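Each chain, written out:
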Amino acid sequence: MPELVITVARFGFLILLWIFVFTVVGVIRRDLFAGARSGRLVAAPRGVGASTQQQAAKPAKAKRGRAAHQLVVTAGQLAGTRITLGEAQITIGRAEDSTLVITDDYASARHARLVPRDGQWFVEDLGSTNGTYLDRAKVTGPTPVPLGVPIRIGRTSLELRP
Amino acid sequence: MARSRRNAELSLLALAMVLVAAYGAIVEANLLDTVTRDFWMPAAALGLVFFGMHLVIRWLAPFADPALLPAVALLNGIGVGFLRRLDLGKAAPADRETLAIFAGTGGRQLAWTLAAVILAAGLLVVMRDHRAVSRYAYTLGLAGIVLVMIPAVLPGRFSEINGAKLWIRVGGFSIQPGEFAKLALLVFFAYYLVRKREVLSLASRRVLGIDFPRGRDLGPVVGVWLISLLVLVFEKDLGTSLLYFGMFVVTLYIATERVSWLLIGLVLFFGGAYLAYVLGGTVGGPFANFYTRAEIWLDPFAEPYDRGYQLVQGLLGLGSGGLFGSGPGAGEPLEIPEVQNDFIFAGIGEEIGLFGLTALLVVYLLVVERGLRAGLAVRDSFGKLVAGGLAFTLGLQVFVIVGGISKLIPLTGQTTPFLSAGGSSLMANWLLIAVLLRISDAARRPVAQGGGPAARPGGGPPEQLHGAPTEVIRP
């Protein structure tokens, strides 16, 4: 084998090796920037249920600066549903005219509502039978809802997301 | 987002196999001065079985990470190619051209690879949902302990190779049960910590500003860890015990989200290592082995023809490789003792140089990154712990062995995942990849199709294992 061929092959191999690496990185890149998921490896320990953990442990630090733009159902039969928030209030209940109609055995016809006030959303229980919970505290009057803290209605959980 | 990206995986796999074939061709050009017509056979055999694995993934885990399989396939292929290169180097020049593809260490490694990949595919078939594994967590934990203990209990002649009692040897056949125990123990840790994490992080006692959990909550895990550690003292293998310890600390950290665990772990580890060093110097006994290794590490050139021989040869190999290496097949890797096992990275490094080694390290890094990514994205805590723990363990293992041969840390006997000769290590690591593939499939699967095959038909809420899906929504 001529020396030249071997030298070319040698360096060609190294270059090809790096081409492989960069191709893999390219494939991964699309993943990295496609869609922001819950960016934590740590399976947060606090709290009991579904996504309580997110910011529930430290509601004081619940990202005050960012406004809520979406209401997301994180648990229950409607899990995965999201509603883009506007200026209008959102009613939740089994009644057909609710903004979010939940078919939850433990929900009342007009269960709760979410009301915006100066960019802050408040949750208000509408005299439901089984109550509305913000994280684990029962909602008695209009209560400000921080981002990421679950509102629980029966078996359904909702969260505000930026 | 819902794209499964299997075609990307296939083309990456093809590229990886081209690389493996090219490696084989250059080896032959250097060693035989000609390229035989069969140079592509090992690459083709590997390509075939990896393609089979790809089809299984397409069928059973269509949303699995597209980068994992090709990256691991490349490492595995280069490993087989290098071992075959060692066989060629050892063979008499006249026999070189006719070396059969399943002959020698390289051939055996090729056969092991086929078996390991089939095993991994089998695991994908059997394990349709990673959460199902948690049902067997206690069984697996017990199996892990038993697997670790067998070699320690067996008489030395059945279990000892090169001073480390890590093996079960029956006839001409030897397996390293510790490699499999690693997976089993991790599943157990993950399951246990998921069950207990609320208690672990809520019921704690504050000592010196750090929260310690109550002893009884940690009992079983510390027990498992102590047993495996004690056994490893008797088996005289520091690397594996370091691996278990790291695995344990990181799983604990992922589960409880307390940085204090990492600090405690590091302090314990460095304290223990220093203590072992001092004890080894004064008392000897079970610590003498570690003391010797530390001495070699501190000054390998003190006895370059004696105790430090292996490390010195490895360093010289890496050094003479320089930036771009001597070219596959043109180095002298056979000068390094155990180059097919622990020192494979030094042997490969001499021939592909720093430039090539870095590429291989980046490939490892990408595999680990994909594993952690799967852990990030998966929606149940058990999966998070398993994926995070497995990916970290793989990374730690690479760090321990590559750090050892490059004299960054004291050398501890560890196999280099996917490269080193050895069926146990290959099989265990391929099983690990199968688990990561399964978890990444669950993580990337669109929610509309349910949280996995276990999702109930009536559109009911996804099954909540241990009540902790951290996210059900998908952009």
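Residues numbered from 1 in each chain as written. Chains lettered and ligands numbered in written order. Predicted model: local features only at pLDDT ≥ 70, side-chain atom pairs only at ≥ 80, totals over all residues.

Colleague: So what exactly am I meant to see when it comes to the overall build of chain B here?
Modeller: Helix and strand counts for chain B stand at 15 helices and 6 strands. A burial count over chain B gives 54% of its 475 residues as buried. (Helix = DSSP H or I, 4+ residues; strand = E, 2+ residues; numbered from the N terminus. Buried ≥ 20, exposed ≤ 12 C-beta atoms within 10 Å, placed from the backbone.)

Colleague: It is not clear to me how the overall build of chain A should be interpreted in this structure. Could you clarify?
Modeller: In terms of regular secondary structure, chain A is built from 2 helices and 11 strands. The helix and strand sequence of chain A, counted from the amino end, reads α-α-β-β-β-β-β-β-β-β-β-β-β. Burial analysis of chain A (162 residues in total) assigns 37% to the buried set. Pairs at least 24 residues apart make up 43% of the contacts formed inside chain A by residues separated by at least 6 positions. (Contact = placed C-beta atoms within 7 Å.)

Colleague: Would you explain unusual backbone geometry in this entry?
Modeller: With the exception of glycine, most residues fall at negative phi, and the peptide bonds are largely trans. For D33 of chain B, which is not glycine, the phi torsion reads 70 degrees and is therefore positive. Mapping D33 of chain B onto the fold places it in the loop between α1 (6–31) and α2 (41–60).

Colleague: Whenever I open this one, the environment of R135 of chain B confuses me. Can you help?
Modeller: Residues and elements named next belong to chain B. The residue R135 is located in the loop between α4 (104–126) and α5 (137–153) in this model. By the C-beta count within 10 Å, which is 11 here, R135 ends up exposed. Linking R135 and Y191, residues 56 residues apart in sequence, is a C-alpha distance of 8.8 Å.

Colleague: Would you take a moment to explain the environment of L432 of chain B for this structure?
Modeller: All names here are of chain B. As for its position among the elements, L432 is in helix α15 (residues 423–444). C-beta crowding within 10 Å serves as the criterion here: with 25 such atoms nearby, L432 is assigned to the buried category. Sequence separation of L432 and A120 is 312 residues, and the distance between their C-alpha atoms is 8.2 Å. Sequence-distant contacts of L432, defined by excluding residues within four places in its chain, comprise L183, L390 and L394.

Colleague: Hey, could you run me through the UniProt feature "domain: FHA" (unreviewed entry) in chain A in this one?
Modeller: Listed under "domain: FHA" (unreviewed entry) in the UniProt record, and renumbered for this structure, are residues 90–139 of chain A. Along residues 90–139 of chain A the backbone is 0% helical and 46% strand, and the end-to-end C-alpha distance reaches 16 Å. (UniProt positions renumbered as here; feature names shortened; annotations may be inferred.)

Colleague: Explain the UniProt feature "transmembrane region" (unreviewed entry) in chain A here, please?
Modeller: Taking the numbering used here, the UniProt-annotated feature "transmembrane region" (unreviewed entry) corresponds to residues 6–28 of chain A. With 100% helix and 0% strand, residues 6–28 of chain A has its two end C-alpha atoms placed 33 Å apart.

Colleague: Just to check I follow, could you spell out α4 of chain B for this structure?
Modeller: Each full turn of the α-helix corresponds to 3.6 residues, which orients residues three or four apart in the same direction. Residue and element names in this part refer to chain B. Its 23 residues give α4 an end-to-end C-alpha distance of 33 Å, which sits within 8% of 33 Å, the value for a rise of 1.5 Å per residue. Within the span of α4, buried status applies to G106, Q109, L110, W112, T113, A116, V117, A120, A121 and L124. On its buried side, α4 packs onto α2, α3 (68–90) and α15. (Expected span 1.5 Å × (residues − 1).)

Colleague: Any chance you could explain the sheet that holds strand β1 (residues 70–75) of chain A here in plain terms?
Modeller: Paired through their backbone hydrogen bonds, the strands of a sheet run either parallel or antiparallel. On the basis of which strands lie adjacent, the open sheet formed by 6 strands has the order β2-β1-β11-β10-β7-β8 (chain A) and antiparallel pairing. One side of each edge strand has no neighbouring strand; the edge strands of this open sheet are β2 (82–84) and β8 (137–138) of chain A. (Pairing = 2+ DSSP bridges.)

Colleague: For this particular structure, what's the right way to read the packing of helix α10 (residues 259–282) of chain B against helix α11 (residues 288–298) of chain B?
Modeller: Packed helices, taken two at a time, are described by the angle their axes make and the gap between the axes. Residues and elements named next belong to chain B. Look at α10 against α11: their axes get within 7 Å of each other, and the N-to-C directions meet at 105 degrees. With respect to each other, α10 and α11 are oriented roughly perpendicular. Of the residues in α11, those in contact with A276, Y277, G280 and G281 of α10 are A288, F290, Y291 and A294. In terms of residue class, the contact of α10 with α11 is built from 6 nonpolar, 2 polar and no charged. (Axes fitted to C-alpha atoms, helices over the stretch in contact; angles between N-to-C directions. Parallel < 35°, antiparallel > 145°, perpendicular 65-115°, else oblique. Nonpolar A, V, L, I, M, F, W, Y, C, P; charged D, E, K, R; others polar.)

Colleague: I'm lost on the packing of helix α9 (residues 238–256) of chain B against helix α14 (residues 381–405) of chain B in this one. Help?
Modeller: All names here are of chain B. Two elements in contact, α9 and α14, have axes separated by 9 Å at closest approach and are oriented at 145 degrees. Between α9 and α14 the crossing geometry is right-handed. For the pair α9 and α14, the contacting residues are G239, L242, L243, G246, M247, V250, T251, I254 and A255 in the first and K384, L385, G388, G389, F392, T393, L396, Q397 and V400 in the second. Of the residues assigned to the contact of α9 with α14, the class counts are 10 nonpolar, 7 polar and 1 charged. (Left-handed = near helix turned anticlockwise from the far one by under 90°.)

Colleague: Looking at this structure, how should I read α14 of chain B?
Modeller: Residues and elements named next belong to chain B. Taking 1.5 Å of rise per residue, the 25 residues of α14 would be expected to cover 36 Å, and the 36 Å separating its terminal C-alpha atoms lies within 8% of that figure. Across the 25 residues that make up α14, a large majority, 23, are buried. At the C-terminal side of α14, K407 shows a positive phi close to 65 degrees.

Colleague: Is there a simple way to think about the pairing of strand β5 (residues 112–117) of chain A in this case?
Modeller: Residues and elements named next belong to chain A. In terms of strand pairing, strand β3 (residues 90–93) meets β5 through 3 bridges, oriented antiparallel. Within β5, the position partnered with I92 by the bridge is A112. In the sheet, β5 pairs with strand β6 (residues 120–125) via 6 bridges, with the strands oriented antiparallel. Residue P116 lies in a different strand from β6, and its bridge partner there is W121. A loop of 2 residues connects β5 with β6, the two strands running antiparallel in sequence, and D118 in this loop sits at a positive phi of about 50 degrees.

Colleague: Even after reading the chapter, I still don't get the sheet that holds β3 of chain A, so can you show me in this structure?
Modeller: Reading across the sheet, the 5 strands line up as β4-β3-β5-β6-β9 (chain A) and stay open at both edges, with mixed pairing between neighbours. Of all strands in the sheet, those with a lone pairing partner are β4 (100–101) and β9 (143–144) of chain A, marking the two edges.

Colleague: Sorry, what's going on with the environment of R85 of chain B here?
Modeller: Residues and elements named next belong to chain B. Secondary-structure assignment places R85 in helix α3. Overall, R85 belongs to the buried group, with 27 C-beta atoms counted inside 10 Å. In this structure R85 touches V27, P328 and G329, once residues within four positions along its chain are discounted.

Colleague: What's the story with the nonpolar core in this structure? I'm lost.
Modeller: As a rule of thumb, nonpolar side chains are buried together in soluble globular proteins. Counting residues in hydrophobic clusters, the biggest one holds 143 residues, and the most contacted among them are A71, A120, V187, A190, V363, V386 and L436 of chain B. Element by element, the count of residues in this core is highest for helix α13 (residues 344–377) of chain B, at 16 residues. Counting 24 residues, the second largest nonpolar core, distinct from the first, contains L71, V72, A75 and V149 of chain A. (Core = buried A, V, L, I, M, F, W, Y, C linked by C-beta atoms within 7 Å.)

Colleague: Explanation requested: the pairing of β1 of chain A in the structure shown.
Modeller: Two faces belong to every sheet, and in a regular strand the side chains alternate between them. All names here are of chain A. Of all the 6 residues making up β1, 5 are buried; the element is thus mostly covered by neighbouring parts of the structure. Relative to β2, β1 runs antiparallel, the two sharing 3 bridges. Residue V72 lies in a different strand from β2, and its bridge partner there is R82. From the end of β1 to the start of β2, which pair antiparallel, there are 6 residues, and G76 there has a positive phi angle of about 105 degrees. Two elements, β1 and strand β11 (residues 156–161), share 5 bridges in a ladder whose sense is antiparallel. Residue L71 lies in a different strand from β11, and its bridge partner there is L160.

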